[in-house]
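Listed here are the chains, written in short residue letters.
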Amino acid sequence: MFSYDPTTDVGRFRLRLRDTREQNAFFTDAEVSALIADAGDWRGAVAEGARICLAQIARYARQYSTTRRDGSSESVDETAAATYLERLIDEYEKQSPRLPRLVVRQLGGYPSDPYKVN
């Protein structure tokens, strides 16, 4: 299912990732809702959604040169979208309230107490 209302959390997510047209939607409403639930808010979901998009784009993005019929060459950079998504991830990750991440380390074979990592 697809919906787009920029006054809702699903719509805010879609607006930031430009996933606003049903014909070529990248995420379903159920997927967006799951990302929002996992991330804690729509801002964190934007960062997670951008990571998913980045993974898809990174599989095929490349830089290359090609020769036109007139003999001139042209450079093609398909990595620009990946760079944009990386900036989007950084921006929305900073805005999202996140729970502290805990790390458990082992000392002498026994786990130590968890401590907060920034």
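Residues numbered from 1 in each chain as written. Predicted model: local features only at pLDDT ≥ 70, side-chain atom pairs only at ≥ 80, totals over all residues. Heavy atoms only, no water.

Caption draft 1: Representation of the pattern of salt bridges. Summed over the entire model, instances satisfying the criterion amount to 7 salt bridges. The salt bridge involving Arg 43 is made with Asp 41; its shortest N-O contact spans 3.7 Å. Put simply, Glu 93 and Arg 51 hold a salt bridge, and the shortest N to O gap is 2.1 Å. Of this pair, Glu 93 sits in helix H4 (residues 80–95) while Arg 51 sits in helix H3 (residues 42–60); the two residues are 42 residues apart in sequence, bridging distant segments of the chain. Given a relative accessible area of 28%, Glu 93 falls into the partly exposed group. (Salt bridge = Lys/Arg side-chain N within 4 Å of Asp/Glu carboxyl O. Helix = DSSP H or I, 4+ residues; strand = E, 2+ residues; numbered from the N terminus. Buried < 20%, exposed > 50% of the residue type's maximum accessible area, 1.4 Å probe, protein only.)

Caption draft 2: Inspection of the nonpolar core at higher detail. Residues Phe 13, Leu 17, Phe 27, Val 46 and Leu 88 are the most contacted members of the largest nonpolar core, which totals 20 residues. Looking at this core, the elements with two or more residues in it are helix H1 (9–17), helix H2 (29–39), H3 and H4. Of all the elements, H3 adds the most residues to this core, at 7 residues. Once residues within four sequence positions are removed from consideration, Leu 17 is found in contact with Phe 27, Val 46, Gly 49, Ala 50 and Leu 88. (Core = buried A, V, L, I, M, F, W, Y, C linked by side-chain atoms within 4.5 Å. Contact = heavy atoms within 4.5 Å.)

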